[in-house]
Amino acid sequence: MRHPRTAFVSAVAGLGLGLAALGGAPASASTSAPSADTTRTAQAGYAAYAGSAENAAANEAFFEAVMKSVAEKRAAKPGAAAVTVVYSTANAPSFRSQIASSTSIWNSSVSNVKLQEGSNADFAYYEGNDSRGSYASTDGHGSGYIFLDYAQNQQYNSTRVTAHETGHVLGLPDHYSGPCSELMSGGGPGTSCTNAYPNATERSRVNSLWQNGLAAALAEATS
């Protein structure tokens, strides 16, 4: 949902490309509301967004990093019954309600992986101002975060934005040319689209990725 930039330092994914490094809040994060000028600039950028090959590669990198983190923890505790991805909302207090809603949506939509808030998180949510919009980012070493931009979440349905970004954690790429019924179409259908639920194809893809992909990641973690 934001205008792409060339990715560097971090492998990044989401509604656009983020440039912040891991290890703390993104450099652009703050707790103040965006200015009117920032919002207008961001809206122009979102409208022009058309996707990029770099973004697709970043989506996959983020998913693989999260899966590796989960696999390593499961390998340490082989008796774990369910595949659980743990997240933290400590750095995104303004979006706890939307994060809870998107978590509930995903947990009711797929069966091979569950999202759960807790400590020793596989990824974290952050909030702040960034003219590039919201995005997901990883350092490629099993850690990552989702950044939620204030202006974008005022323009677009916030639960849809959060659920879309969380879709990258679960392995789904952007598909901005899709209809509103497709969660990963992001900002493509426009600001009037409020659907925050993955469609049948997206649900099936996530279940397949976590059934088959995690098995491979576990084998690598235990080898």
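Our subject is the structure listed above.
Residues numbered from 1 in each chain as written. Predicted model: local features only at pLDDT ≥ 70, side-chain atom pairs only at ≥ 80, totals over all residues. Heavy atoms only, no water.

### What to know about the overall build of the chain
Then step 1. When its secondary structure is counted, the chain shows six helices and six strands.
Then step 2. Across the chain, helices and strands are ordered from the amino to the carboxyl terminus as β-α-α-β-α-β-β-β-β-α-α-α.
Then step 3. Expressed as a percentage of the 223 residues in the chain, the buried residues total 50%.
Then step 4. Looking at the chain alone, contacts between residues at least 24 apart form 69% of all its contacts between residues at least 6 apart.
Then step 5. Working note: accessible area of the chain is about 9300 Å², and carbon and sulfur atoms make up 51% of it. (Helix = DSSP H or I, 4+ residues; strand = E, 2+ residues; numbered from the N terminus. Buried < 20%, exposed > 50% of the residue type's maximum accessible area, 1.4 Å probe, protein only. Contact = heavy atoms within 4.5 Å. Areas by Shrake-Rupley, 256 points an atom, 1.4 Å probe, with all protein chains shown as cover.)

### Structural notes on helix α5 (residues 158-169)
Then step 1. The terminal C-alpha atoms of α5, which comprises twelve residues, lie 17 Å apart, in line with the 16 Å expected from a rise of 1.5 Å per residue.
Then step 2. Residues of α5 that are buried include every one of S158, R160, V161, T162, A163, H164, E165, T166, G167, H168 and V169, and no others.
Then step 3. Between the side-chain oxygen of the N-cap and the backbone nitrogen of T159 there are 3.3 Å, and the N-cap of α5 in question is N157.
Then step 4. Following α5 by one or two positions, G171 has its phi on the positive side, about 110 degrees. (Expected span 1.5 Å × (residues − 1). Polar contact = N/O pair within 3.5 Å; in protein donor to acceptor, adjacent residues only side chain to side chain.)

### Some remarks on the packing of aromatic side chains
Then step 1. For the coordinates displayed, the defined rule picks out eight aromatic pairs.
Then step 2. A connected cluster of aromatic rings, assembled from ring pairs, spans Y126, Y135, Y145 and F147. (Phe/Tyr/Trp six-rings, centres within 6.5 Å; stacked < 30°, edge-to-face > 60°.)

### Focus on the state of the cysteines
Then step 1. All chains considered together, the criterion is met by one disulfide.
Then step 2. With a sulfur-sulfur separation of 2.0 Å, C180 is cross-linked through a disulfide to C193. On the sign convention where negative means left-handed, the S-S torsion of about 90 degrees between C180 and C193 marks this disulfide as right-handed. With C180 in the loop between α5 and α6 (200-222) and C193 in the loop between α5 and α6, this residue pair connects regions lying 13 residues apart in the sequence. (Disulfide = S-S within 2.5 Å.)

### What to know about the nonpolar core
Then step 1. Counting residues in each nonpolar core, the largest one holds 37 residues, and the members touching the most others are V85, W106, V113, F123, Y125, V206 and W210.
Then step 2. Secondary structure elements with two or more residues in this core: α2 (53-76), β2 (84-91), α3 (96-109), β4 (123-128), β6 (144-149), α5 and α6.
Then step 3. In terms of residues, this core owes the most to one element, α2, which gives six residues.
Then step 4. Apart from residues no more than four positions distant in its own chain, V113 is found in contact with V83, V85, N107, L170, V206 and W210.
Then step 5. Counting residues in each nonpolar core, the second largest holds five residues, with A124, Y135, Y145 and F147 among its members. (Core = buried A, V, L, I, M, F, W, Y, C linked by side-chain atoms within 4.5 Å.)

### Here we look at α6
Then step 1. Taking 1.5 Å per residue, 23 residues should reach 33 Å; α6 reaches 33 Å between its end C-alpha atoms and fits that length.
Then step 2. Its maximal kink placed at G213, α6 deviates by approximately 25 degrees.
Then step 3. Regarding α6, its N-cap is N199, as a side-chain oxygen of that residue lies 3.2 Å from the backbone nitrogen of T201 further along. (Bend = angle between axes of the 7 residues up to and from the residue.)

### Here we look at the pairing of β2
Then step 1. As paired elements, β2 and strand β3 (residues 114-117) share four bridges and run parallel to each other. Residue pairing in the sheet places V85 in a bridge with L115 of β3.
Then step 2. Once you follow β2 into α3 and on to β3, the crossover reads as right-handed.
Then step 3. Here three bridges tie β2 to β4, and the two strands are oriented parallel to one another. Looking across to β4, one finds that Y87 is bridged to F123. (Pairing = 2+ DSSP bridges. Right-handed = clockwise from strand over helix to strand, strands pointing away.)

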